Amino acid sequence: MRSLRLLAAVSLLLSSLSLAAQKTYSAILLARNEHPAVRSAAELMAKSLGIPANRIRIESRSGEPRGGEIVLAVAPVESKGKSPLAESIRGDGYAIRFSPGGGATIHGARPRSLLYAAGDVLLWKNRTAGEFVRNPEFRVRAGQYDPSLSVAEFVAELGVNAIIMRREAAAVTMKDTLPDVFRLLDPATQSRLEKQQAQAIEENQDFLRKCHDADVTVYAFLYGNDFNAWSPPLYQAAIRAFPSAKGTPVPNSLEKNSLSPADPNTWKLFRAYITELLQVTGADGLYATFWDRYGIYCEEERCRAAGLDKFSNELLECVRQYYEATHALGRKLVVRTWGSGSPHWLRDEYVHAPGYGTFGGTEEQLWGRVIRELPPDLILQTKVYYSDCEPGARFSPLIGHTAPHPQIVEYQVSGQFVGRFYFPASSVQEMATTMRQARELVGEDGGVNIFPGGTMQTNYSVFDDILNSINLYAWRRLSWDTRVDVDQIWSDWAASIYPARAAPHIIKALQLSESVVGRTFSTLGLGSSTNSDFAGNIARRETLLRYTNRYYLPEYARLLEPTQENIQRVVGEKAKVEAELNQMQSEIEQARPFLPAAQSEELNTRFDWLKEFAIVNNQLDESLWRYRYLRYLDSMLTTDPAQLRNIAKSYDTVEQHAKLLFRYSPSQKFSCYTTTMGELANKPSLGNPLPLMHELYAKSKELIEQSVGPDYLPADERR
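Residues numbered from 1 in each chain as written. Predicted model: local features only at pLDDT ≥ 70, side-chain atom pairs only at ≥ 80, totals over all residues. Heavy atoms only, no water.

Asker: Describe the overall build of the protein chain, and please don't skip the residues or the numbers.
Answerer: In terms of helices and strands, the protein chain carries 24 helices and 16 strands. Relative to the 2.2 N^0.38 estimate, which gives 27 Å for 719 residues, the radius of gyration of the protein chain is 28 Å and therefore close to what a compact globule would have. Once the C-alpha set of the protein chain is aligned to its principal axes, its extents read approximately 95 × 70 × 50 Å. Going through the 719 residues of the protein chain one by one, you find that 60% of them count as buried. Within the protein chain, contacts between residues at least 6 apart in sequence are counted, and of these 76% link residues at least 24 apart. (Helix = DSSP H or I, 4+ residues; strand = E, 2+ residues; numbered from the N terminus. Rg over C-alpha atoms; globule rule 2.2 N^0.38 Å. Buried < 20%, exposed > 50% of the residue type's maximum accessible area, 1.4 Å probe, protein only. Contact = heavy atoms within 4.5 Å.)

Structure (structure tokens):
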């Protein structure tokens, strides 16, 4: 998906070539006093169609539009009976009638509907007759705002009707909501928080105006339930004002219990914070995230006495307090259900991950009381992935089981588990499969959500990415029509970016990337790092194997058995990765003669990044499985010295290719970056693979040597 700014350039180029197949529009008409969203839609359409800005006119027109004119009209649901065309519109969809004289009338159910039509220009601009009707598949389509686009562009390109503010929108002082807490802050902190809040209010008012001008709902964003993480100075003042609220953290728990759920003052503090957050942001609702930093895991005696030493009961009370605080203000509440993978150790802290794996219980057990006991207008949002956003992760079993609460299905299109979008990394087929399944389960009154972006990148916009914008484009198309043909999604997307003779080859290469990246990051369907980086040591790498939540399933547990058969399974999978990488290379080579130089250079560099990363990562995982086999043999008082030869070969390969990771020319300019490569604040990197490789080799050698002595080791003089 290219942004509308770039689509305009493409459209102007096509116009200059006078392509016979392209229909020409010359003016856009809208009614006086029309909603700002309609005016924005006209401006975006004009850019995409190459219409000069002075040809957007305020003019009432009855009857058919004249040749080359586009008439924009809002047709609210309550007046549908007046127009047969308007009768075909559902939800906040739109419909277009193409007149015999070469004009078009676009009817939107509401102002934002015209923005959706602007985002779909490529789908209808060359139609010459009949009608074109577009209705969304889901009632709610929410997205976290990406500031690389204007609000109107963001709404048009993603087809969303709800926008989530970014985290930095919050600035809470408690000066008015809990003055006893504010008074305990030192004067310098009081002044700093007040200044931050004044600035936030000004910025939020401007953002809110832009969102309402785009006719969309706005949600504030709150992460976790650890009050100390929300605001350390307010937390310190709060426990001075209300000493009994201070919780006692469980040793080695990631969840800190900074405020005890058994103390009434805890909820007084929570509600004051939430109330002020919504007042400062001016948002129409709140997105609350119940993930890491859940924050209220308590094993104190008073918690046990109240039953608040169990996650399901803590969860009910916490969500109830959120709901009552937002409901009192007349605001909506969306709760993002837990999504941090299976229970596991993270360094010296334990991630409980309730509801996400054998030891964490089921999601239905965790969320059951919330679902049964809280009012039905509470909205629950669940990741489609049953383990963060690992490639090919299991479909979440909670989806479709939250009635009577509406449910939103969440997609993280941020590149997090697939190389942070440094590489070509399609997820189109998986997205199509899961969104169709989600639609069957949540129904048309449910919703879908998207978090777009490039994890840990700077100066990056996935909207302008000539490789991975396909994932956003596919999300948008599927959220409006889950029945759309996937091949059609690919061809429509590529047509706006690549020359016609290059496009089929680029499509094939990117389709292959879904398998390549999935097999590279998720060996045998098991887990890898949340942020795509290399694990620093064996213990961390083995922890990461749990992330897909397949770790506990019998069919996947067998893949971790320390056997030569499983080593060969890994070797075979990595051979498939290599073969598919070669196919990708072949397709890119066939496209090269038809590509502009800048596109060709970007594809070369980013494919090289993927190839080199895959080589290194594949060797690390193959060596991991060999090491695990040797470790098992050692526990049985035997060994297999021949394994070290293969680990030594991997050692040499990793040493060689670690030097080749993320090579680029500082003067290169990619489609997705606002600066040259040399000017990026965060240089492309996924860390250093050498510490893990060195440890795998050293510990494997040690296991063999302590079993049979050095005489039976393979010759090795370089390590």
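Asker: Mind laying out the confidence of the model for the protein chain, listing which residues take part and the relevant values?
Answerer: Keep in mind that low pLDDT regions are not for reading the predicted coordinates in detail. Predicted confidence across the protein chain gives a mean pLDDT of 91, with 94% of residues reaching 70 or more. Counting interchain partners and residues more than four positions distant, the pLDDT-below-50 stretch residues 8-21 has 15 contacts. (pLDDT = per-residue confidence, 0-100.)

Asker: Give me the environment of F311: which residues, what numbers.
Answerer: Within the element layout of this structure, F311 appears in helix α13 (residues 311-328). A C-alpha to C-alpha distance of 9.7 Å links F311 and Q365, two positions 54 residues apart in sequence. Leave out the neighbours within four places in its chain, and F311 touches Y294, Y297, H352, P354 and L366.

Asker: Describe the pattern of salt bridges, naming the residues involved and giving the relevant values.
Answerer: In total, this model carries 40 salt bridges according to the counting rule given. Among the ionic pairs, R271 bridges to E324, the shortest N-O distance being 2.8 Å. With R271 in helix α11 (residues 264-281) and E324 in helix α13, this pair connects stretches of sequence that are 53 residues apart. Here E317 makes a salt bridge to R320, at a shortest N to O gap of 3.4 Å. Of this pair, E317 and R320 both sit in helix α13, separated by 3 residues, roughly a single helical turn. Look at R320 and you get partly exposed, because its relative accessible area is 26%. What emerges from the salt-bridge pattern is a single network uniting E137, R439, D481 and R483. (Salt bridge = Lys/Arg side-chain N within 4 Å of Asp/Glu carboxyl O.)

Asker: Describe helix α17 (residues 486-495), naming the residues involved and giving the relevant values.
Answerer: Three or more residues of α17 are buried, namely V486, I489, W490, D492, W493 and A494. Contact partners of the buried residues in α17: α5 (121-124), α15 (428-442), α16 (469-480) and α18 (503-521).

Asker: Quick one: what's the story with the pairing of strand β11 (residues 332-336), residue by residue and with numbers?
Answerer: Of all 5 residues making up β11, 4 are buried, and the element is well covered by its neighbours. Two elements, strand β10 (residues 285-289) and β11, share 5 bridges in a ladder whose sense is parallel. Note that in β11 the partner of T289 across the bridge is R336. (Pairing = 2+ DSSP bridges.)

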